[in-house]
Amino acid sequence: LIEKMMLALKGIPGMPEICIKSDDSNDTSSIPSSHYDYGPALHRWGNAFPKGDALSEELSFLQSSRIAFCGDYVASSEQARFGSFESALLSGTSAGEKIAKYHQSSASSIN
C-alpha cells in the first residue's frame, strides 16, 4: 500500500522529488520502498491542491436556515489562498463573528 501511495505522490503538481531507498541493495526496479528521506510526505493538508471553486463568503452564513459553513473551501475577504490552513482559520473566525452578530441582533429585536 505504501508503495502505491508513494507512486501516486509523483502525480501531484508541485510535489518535491522524494528520495527513495530500496530495502534490497540488488533491487533496481522503480517501485519505491516504504523508507524515504523526505519527511512525512504522505501527511499533507487534505486540500493542499484544491479543485473547483471556493464557496463564496456571501453563502457561508445563511440566516434563514441558521447555518454557517467554514473551512479551507470557503472564500475569505482576507484573500487567503483557497485550500490553505489560513483560509480555514479565517473562515471559522468569520463564521463565529456572523453567528454572534446574528444572535445579538435577534436578542435586541426581542427586547
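Attention in this report is confined to the structure presented alongside it.

The rules behind the values
- Numbering of residues starts from 1 in every chain and runs along the sequence as written.
- Reporting of local features is limited, given that this is a predicted model, to residues whose pLDDT is at least 70; pairs of side-chain atoms are given and counted only at 80 or more, and all residues count toward the totals for whole chains, interfaces and linings.
- As a rule here, side-chain values come from all non-hydrogen atoms in the structure, and water together with hydrogens is ignored.
- In this text, helices come from DSSP runs of H or I with a minimum length of four residues, and strands from runs of E with a minimum of two, each type numbered from the N-terminal end.
- Per-residue accessibility, obtained with a 1.4 Å probe over protein chains only, is compared with the maximum for each type, and a residue is labelled buried under 20%, exposed over 50%, and partly exposed between these values.
- Here the accessible surface of atoms and residues is derived via Shrake-Rupley with a 1.4 Å probe, and residues count as covered only by protein chains that are part of the display.
- The length a helix should cover is 1.5 Å for every residue beyond the first.
- Here, two residues are considered to be in contact whenever any of their heavy atoms come within 4.5 Å of each other.
- Each patch is built from residues that are more than 30% exposed by relative accessible area and take part in no salt bridge. Like charges join if they lie within 9 Å; nonpolar side chains (Val, Leu, Ile, Met, Phe, Trp, Tyr) join within 5 Å.
- Should a side-chain nitrogen of Lys or Arg be within 4 Å of a carboxyl oxygen of Asp or Glu, the pair is scored as a salt bridge.
- Working definition: a ring pair exists when centres of Phe, Tyr or Trp rings (six-membered ring for Trp) sit within 6.5 Å. Plane angles under 30 degrees give stacked, over 60 give edge-to-face, the rest tilted.

In terms of regular secondary structure, the protein chain is built from two helices and four strands. For the protein chain, the sequential pattern of α-helices and β-strands runs α-β-β-β-β-α. Taken across its 111 residues, the protein chain has 21% of its residues classed as buried. On the protein chain, roughly 8,100 Å² of surface is accessible, and the fraction owed to carbon and sulfur atoms is 55%.

With that out of the way, let us pick up helix α2 (residues 85-110). The periodicity of an α-helix, 3.6 residues per turn, causes residues three or four positions apart to be oriented the same way. Between its first and last C-alpha, α2 extends 38 Å over 26 residues, near the 38 Å set by a 1.5 Å rise per residue. Buried within α2 are the following residues: S87, A88, S91, S94 and A95. In this structure, the buried side of α2 is in contact with β4 (67-68).

Nonpolar side chains collect at one region of the surface, where L1, I2 and M5 lie side by side and expose about 290 Å² of accessible area between them. Residue placement: M5 occurs in helix α1 (residues 2-9). Overall, the relative accessible area of 37% leaves M5 in the partly exposed class.

Attention now goes to the packing of aromatic side chains. For the structure shown, the criterion picks out one aromatic pair. Note on F61 and Y102: the rings are 5.8 Å apart at their centroids and 70° apart in plane angle, and the pair reads as edge-to-face. Remark: Y102 occurs in helix α2 and F61 occurs in strand β3 (residues 61-62); sequence separation between them is 41 residues. Overall, the relative accessible area of 21% leaves Y102 in the partly exposed class.

Of note in this structure, R66 is not a glycine but carries a positive phi near 50°. With respect to the helices and strands, R66 occurs in the loop between β3 and β4. Phi is positive for Q79, close to 60°, though the residue is something other than glycine. By the element assignment, Q79 lies in the loop between β4 and α2.

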